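Structural features, examined
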Amino acid sequence: CAPKILVFITRDVIGQGDDTLGSRLMGNFLATLPELGDALWRIILVNGAVRLATDSNPASEHLKKLEAAGVSILVCGTCLEFFKLMDSKVVGEVTNMLDVVTSQHVADKIITL
């Protein structure tokens, strides 16, 4: 059985300094995740990272490809509501904190951004 890798993302950009660069880095990160192969099990988006799953964010295309390849994408419902983005979500399943905690418990490895 392949290990279960969970990617836990809390922002829509990587790093600090310039958000345009950070957005590009996040897109590159998501585009590179398929290199993990079958071990990539689930991606969880919380707080500002939920913007990645919306129709206005180009990163949503990378997430759609990952989802189509069998990776589970969970998007924080409380966060979508807070940012008023529920109607803009185009990829992933709306989730709650119980699913987040359970997923972290079950995962063999967690990558956090």
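Each chain has its residues counted from 1, following the order in which its sequence is written. Totals for whole chains, interfaces and linings use all residues, but because this is a predicted model, local features are given only for residues with pLDDT of at least 70 and pairs of side-chain atoms are given and counted only at 80 or more. Side-chain measures here rest on the full set of heavy atoms in the structure, leaving out hydrogens and waters.

With that settled, consider the state of the cysteines. The term disulfide is used for any two cysteine sulfur atoms that are within 2.5 Å. Summed over all chains, the structure comprises 1 disulfide. Bridging Cys76 to Cys79, the disulfide has an S-S length of 2.4 Å. On the sign convention where negative is left-handed, the bridge of Cys76 and Cys79, at about 75 degrees about the S-S bond, is right-handed. When its relative accessible area of 7% is taken as the criterion, Cys76 is described as buried. A 1.4 Å probe rolled over the protein chains alone gives each residue an accessible area, and that area as a share of the maximum for its type sets the label: buried under 20%, exposed over 50%, partly exposed in between.

Let us now look at the side chain of Ser103. Secondary structure elements follow DSSP: runs of H or I no shorter than four residues count as helices, runs of E no shorter than two count as strands, and numbering proceeds from the N terminus. Take Ser103: it is sitting in helix H4 (residues 97-106). Of the residues examined, Ser103 reaches a relative accessible area of 3% and is grouped as buried. For this analysis, residues touch if any pair of their heavy atoms sits within 4.5 Å. Those residues within four positions of Ser103 in sequence are excluded, and the remaining contacts are Leu6, Trp41, Arg42, Ile44 and Leu74.

Salt bridge, as applied in this entry: a Lys or Arg side-chain nitrogen positioned within 4 Å of an Asp or Glu carboxyl oxygen. Across all of its chains, the model carries 2 salt bridges by this definition. Across the salt bridge formed by Arg51 and Asp12, the nearest N and O atoms sit 3.8 Å from each other. Within this pair, whereas Arg51 is found in the loop between strand E2 (40-45) and helix H2 (59-68), its partner Asp12 is found in the loop between strand E1 (5-9) and helix H1 (19-32), the two being separated by 39 residues in sequence. When its relative accessible area of 31% is taken as the criterion, Arg51 is described as partly exposed. In this structure, Lys64 and Glu61 form a salt bridge, with 3.3 Å as the shortest nitrogen-oxygen distance. Taken together, the positions of Lys64 and Glu61, both in helix H2 and 3 residues apart, correspond to about one turn of that helix.

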